[in-house]
Structure formats: C-alpha cells, structure tokens
Amino acid sequence: MNRYEKFKKMENKTYSEVNRYLKSTTHLTAREWMIARLCADFKNVSDHSEMTWVGENLPDIVPFAESSYSRQEVSNAHSAFKKKVRRSGTTFFYAYYAGLINQEEMLTMIHSMIGHIGELLKIEGGELSESHSEEVQLLIAQVLKNINEADGFEY
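Please read these numbers as outputs of a predicted model, since none were measured by experiment.

Trainee: Help me out: how do you make sense of the overall build of the protein chain in this one?
Mentor: Looking only at helices and strands, one finds six helices and zero strands in the protein chain. For the protein chain, the α and β elements follow one another from N to C terminus as α-α-α-α-α-α. C-alpha atoms of the protein chain, sized along the principal axes, occupy 55 × 30 × 30 Å. Within the protein chain, the proportion of its 155 residues that are buried is 32%. Within the protein chain, contacts between residues separated by at least 24 positions form 60% of all contacts whose residues are at least 6 apart in sequence. Counting every atom, the protein chain has about 9700 Å² of accessible surface; 51% of that belongs to carbon and sulfur.

Rendered as structure tokens:
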C-alpha cells in the first residue's frame, strides 16, 4: 500500500516531532490530527467514517504513526478532536464577547490563524485559496456582528 499522500511531507518526521509542531499552532495532538483527517477522507457509501479500516491501516498510510489502533481508539481520538474544536471556538468567541479582546485584536488573531491554517493545508498537500481565506474572514466577521447585535454593544 502506498503512503497516504496528505502526510507525505511528514515522511521523515517522528510522532513526537509532528506532535510538537501541532502544539505550536493548535491544541491538537498528532493522534487527533491524523485520525480526524483520515476519518474525513475515508468514508463509506453511507458517509460514515471507516474507523476500523483507518485504525487497522494507520501505520501503512501515515508515516509518523507508530502502531495500529482499535476502532475504539480511533473513535476516542476523533471525539477528542471534535471536543477540542468546540472548546477552542468557545474560547475564541468568548474572549471577544466578554470584552477581553477588542475588534482590532480579534482581526489580528484571525489573520494569524489563517496563516497557520495555510501551513497545515500545505503539509497535507493542499493550499488555502484566496477565496476560501476571504470566506473564513467573512464568516467570522458575521459571527462577531451577530454577537454585537445580540448583546447590543459595539467595540
């Protein structure tokens, strides 16, 4: 079986090196990242992730994977990924909603995040298109606008 192309740029990296890199820009572990990526890309005709297949084939398709996982381990890692995404989103928007950061600080953070997203996508063999970057910024701007309107305050 050929290596999974999305992790090809990590061919000579260890699990620990990938983990350290991810921790420098995200809250994700290498385990959560690789499982989330594979679960998103390997789905059956019912649009369900092939967790058993992913777990069994992990060392064959991910260069930094150290061993195979059971279906339960894949499910747990995928669940941890989703939980961290929700918590990170809550933290991000709470900081603005509660007035802990202002609009200018928020925009600076968004631009930084988009840069990190672009780096992660490059690692996976993709790229962040200009239109997608703009879509992300517009979506976040709309959420911030809704927060301001719902609470009746402006920054």
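Let us keep going from here.
Trainee: When you look at the packing of aromatic side chains in this model, what are you seeing that I'm missing?
Mentor: The geometry of an aromatic ring pair is captured by two quantities: the separation of the ring centres and the angle between the planes. This structure, assessed with the given rule, holds five aromatic pairs. Ring centres 4.9 Å apart and planes at 85 degrees place the aromatic pair Phe 7 and Trp 33 in the edge-to-face group. Of this pair, Phe 7 sits in the segment before helix 1 (15-25) while Trp 33 sits in helix 2 (residues 30-41), and the two are 26 residues apart along the sequence. Neither residue differs from the other here; Phe 7 and Trp 33 are each classed as buried. Residues Phe 42 and Trp 53 carry aromatic rings whose centres are separated by 4.9 Å and whose planes lie at 45 degrees to one another, so their mutual orientation is tilted.

Trainee: Honestly, the environment of Leu 38 in this entry has me stumped. Any pointers?
Mentor: Within the secondary structure, Leu 38 sits in helix 2. What makes Leu 38 buried here is its relative accessible area of 0%. Sequence separation between Leu 38 and Ile 123 is 85 residues; the distance between their C-alpha atoms is 14 Å.

Trainee: How should helix 4 (residues 71-97) be read in this particular structure?
Mentor: Each turn of an α-helix holds 3.6 residues, which means side chains three or four residues apart point in the same direction. Spanning 27 residues, helix 4 covers 39 Å between terminal C-alpha atoms, matching the ideal 39 Å at 1.5 Å per step. Taken together, the buried positions of helix 4 are occupied by Val 74, Ala 77, His 78, Lys 84, Phe 92, Ala 95 and Tyr 96. Looking one or two residues past helix 4, Gly 99 carries a phi angle of roughly 80 degrees, positive in sign.

Trainee: How do you make sense of a nonpolar patch on the surface when you look at a structure like this?
Mentor: The grouping of Met 109, Met 113 and Ile 117 at the surface amounts to a nonpolar patch, some 220 Å² of accessible area in total. As for its placement among the helices and strands, Met 109 is situated in helix 5 (residues 103-123).

Trainee: Explain the side chain of Glu 124 to me, please; I cannot follow it from the model alone.
Mentor: Within the element layout of this structure, Glu 124 appears in the loop between helix 5 and helix 6 (130-151). On the basis of relative accessible area, Glu 124 is assigned to the buried category, the value being 10%. Polar side-chain contacts of Glu 124 include one of 3.0 Å to the side chain of Arg 37. Once residues within four sequence positions are removed from consideration, Glu 124 is found in contact with Glu 5, Lys 6, Trp 33 and Arg 37.

The rules behind these values
Residues numbered from 1 in each chain as written. Predicted model: local features only at pLDDT ≥ 70, side-chain atom pairs only at ≥ 80, totals over all residues. Heavy atoms only, no water. Helix = DSSP H or I, 4+ residues; strand = E, 2+ residues; numbered from the N terminus. Buried < 20%, exposed > 50% of the residue type's maximum accessible area, 1.4 Å probe, protein only. Contact = heavy atoms within 4.5 Å. Areas by Shrake-Rupley, 256 points an atom, 1.4 Å probe, with all protein chains shown as cover. Phe/Tyr/Trp six-rings, centres within 6.5 Å; stacked < 30°, edge-to-face > 60°. Expected span 1.5 Å × (residues − 1). Patch = residues over 30% accessible without salt bridge, like charges linked within 9 Å, V, L, I, M, F, W, Y side chains within 5 Å. Salt bridge = Lys/Arg side-chain N within 4 Å of Asp/Glu carboxyl O. Polar contact = N/O pair within 3.5 Å; in protein donor to acceptor, adjacent residues only side chain to side chain.

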